[in-house]
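Notes for the structure review
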Amino acid sequence: MRSALIFDLDGTLLNTLDDLADSCNHVLAAKGYQTYPVEQYKKFVGNGAAVLMTRIHPAGTSQNELDDSLAKFTAYYSAHKDIKTTPYPGIPELLKKLRSAGIHLCVLSNKPHEISVQIVRQYFGENTFDIIMGKSPDYPIKPDPTSCFYLMKKLGLEKNDVLYVGDSNVDMQTAKNAGLTKCGVCWGFRSEAELTAEGADYLAHTSDDIYNLATGGVL
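In this report, the structure presented in the accompanying data block is examined. No experiment lies behind these values; they were computed from the predicted model shown.

1. Describing the overall build of the protein chain
A tally of helices and strands in the protein chain yields 10 helices and eight strands. Taking 219 residues into account, the globule formula puts the C-alpha radius of gyration at 17 Å, and the protein chain, at 17 Å, falls close to it. Structurally, the protein chain occupies a C-alpha span of about 55 × 35 × 30 Å along its principal axes. Going through the 219 residues of the protein chain one by one, you find that 48% of them count as buried. Here the protein chain displays about 9,800 Å² of accessible surface, and carbon together with sulfur accounts for 50% of that area.

2. A look at the environment of Phe 124
Mapping Phe 124 onto the fold places it in helix H6 (residues 113-124). Spatially, the C-alpha atoms of Phe 124 and Asp 171 are 21 Å apart, while their sequence positions differ by 47 residues. Phe 124 has contacts with Leu 13, Leu 14, Pro 87, Ile 91, Pro 92, Leu 95 and Phe 129, leaving out every residue within four places of it along the chain.

3. Remarks on the packing of aromatic side chains
The relative placement of two aromatic rings is captured by the distance of their centres and the angle of their planes. By the definition in use, this model includes eight aromatic pairs. Summarising the aromatic geometry, the rings of Tyr 139 and Tyr 150 are spaced 5.3 Å apart at their centres and angled 50 degrees between planes, so their arrangement reads as tilted. One end of the pair, Tyr 139, is in the loop between strand S5 (131-135) and helix H7 (146-155); the other, Tyr 150, is in helix H7, and 11 residues separate them in sequence. Note on Tyr 150: relative accessible area 28%, which makes it partly exposed. Through pairs of rings, three or more aromatic residues link up here, namely Phe 7, Phe 124 and Phe 129.

4. A look at the sheet that holds strand S1 (residues 4-7)
The sheet built from six strands is open, its strands ordered S5-S4-S1-S6-S7-S8 with parallel pairing. Two strands bound the open sheet, and with one partner strand each, they are S5 and strand S8 (202-204). Direction aside, neighbouring strands of the sheet carry axes that sit 25 degrees apart on average. Across four bridges, S1 lies against strand S6 (residues 162-166) in parallel orientation. Within the sheet, the bridge partner assigned to Phe 7 lies in S6 and is Val 165. Relative to the sheet, helix H10 (residues 207-214) contacts S1, S6, strand S7 (181-185) and S8, its axis offset from that of S8 by approximately 140 degrees.

5. As for the nonpolar core
Counting 47 residues, the largest nonpolar core has Leu 5, Phe 7, Tyr 41 and Phe 129 as the members making the most contacts within it. Discounting chain neighbours no more than four positions away, the residues touching Leu 5 are Leu 98, Ile 103, His 104, Leu 105, Cys 106, Leu 163, Val 165, Ile 210 and Ala 214. With 15 residues, the next largest nonpolar core counts Cys 148, Met 152, Val 162 and Tyr 164 among its residues.

6. Concerning the pattern of salt bridges
When the charged atoms of two side chains lie near each other, side chains of opposite charge can form a pair. Evaluated as defined, the whole model comprises 13 salt bridges. One salt bridge in this structure joins Lys 97 and Asp 208, with 3.5 Å as the shortest N-O distance. Taken together, the residues span a long stretch of sequence, with Lys 97 in helix H5 (residues 91-100) and Asp 208 in helix H10 at a distance of 111 residues. Overall, the relative accessible area of 35% leaves Lys 97 in the partly exposed class.

7. A few points about the packing of helix H3 (residues 49-56) against helix H4 (residues 63-80)
Remark: H3 packs on H4, axes separated minimally by 9 Å, with the N-to-C direction vectors making an angle of 120 degrees. Pair H3 / H4 crosses with right-handed handedness. Between H3 and H4, the residues in contact are Ala 49, Ala 50, Leu 52, Met 53 and Thr 54 and Leu 66, Ser 69, Leu 70 and Phe 73, respectively. For the contact of H3 with H4, the per-class residue count stands at seven nonpolar, two polar and no charged.

What counts and what doesn't
- Residues numbered from 1 in each chain as written.
- Predicted model: local features only at pLDDT ≥ 70, side-chain atom pairs only at ≥ 80, totals over all residues.
- Heavy atoms only, no water.
- Helix = DSSP H or I, 4+ residues; strand = E, 2+ residues; numbered from the N terminus.
- Rg over C-alpha atoms; globule rule 2.2 N^0.38 Å.
- Buried < 20%, exposed > 50% of the residue type's maximum accessible area, 1.4 Å probe, protein only.
- Areas by Shrake-Rupley, 256 points an atom, 1.4 Å probe, with all protein chains shown as cover.
- Contact = heavy atoms within 4.5 Å.
- Phe/Tyr/Trp six-rings, centres within 6.5 Å; stacked < 30°, edge-to-face > 60°.
- Pairing = 2+ DSSP bridges.
- Axes fitted to C-alpha atoms, helices over the stretch in contact; angles between N-to-C directions.
- Core = buried A, V, L, I, M, F, W, Y, C linked by side-chain atoms within 4.5 Å.
- Salt bridge = Lys/Arg side-chain N within 4 Å of Asp/Glu carboxyl O.
- Left-handed = near helix turned anticlockwise from the far one by under 90°.
- Nonpolar A, V, L, I, M, F, W, Y, C, P; charged D, E, K, R; others polar.

Here it is, written out as structure tokens:
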């Protein structure tokens with residue numbers, strides 16, 4: 001049985017893709033740039049908003065222009081982050097069961113910290129997670145493992161106490177870099193093949209799979 005789970009946010013707990021895509025396309029359209037279909041954003045997101053801006057802008061776009069777009073995206077997304085976003089099926093129930101089992105729960109996201117805290121509490125309540133960590137100047141973003149080490153130290157955990165759950169290569173790399181057991185979810189933004197290629201120890205096809213892993217069961 002695991003003492004704690006560290007969850008990625010976008011593509012793992014919440015389907016945020018439409019709101020992210022709409023916010024990006026809003027910025028691009030206002031500047032006269034090409035916009036993209038929602039599905040294409042599955043390949044763009046995952047490494048933080050600054051990298052996202054680089055991926056959606058034409059090659060050779062100046063850093064000043066990217067910085068301006070980042071500021072506009074952040075402002076627009078902050079105001080429109082909950083228009084189409086929804087928890088994945090079974091996730092609210094899963095979190096309640098894990099809490100009832102006495103398991104610590106954390107969120108680790110490359111989304112800005114303030115927005116991460118707001119959106120997690122909006123959809124899952126104030127007291128579901130022990131710690132919510134988004135991007136901040138104090139820690140490098142995933143796949144750097146520093147934030148994982150901070151979470152473990154804060155909760156007094158060892159590596160074998162923790163199951164890391166995410167939907168992308170970035171998440172599997174983060175868990176690997178931190179020496180944690182890696183569980184890839186198959187309902188998120190990236191493919192099962194990508195998760196397997198990045199060394200996922202387990203693949204979860206339903207929320208029940210995560211509960212079984214966390215509580216000592218098998219898939």
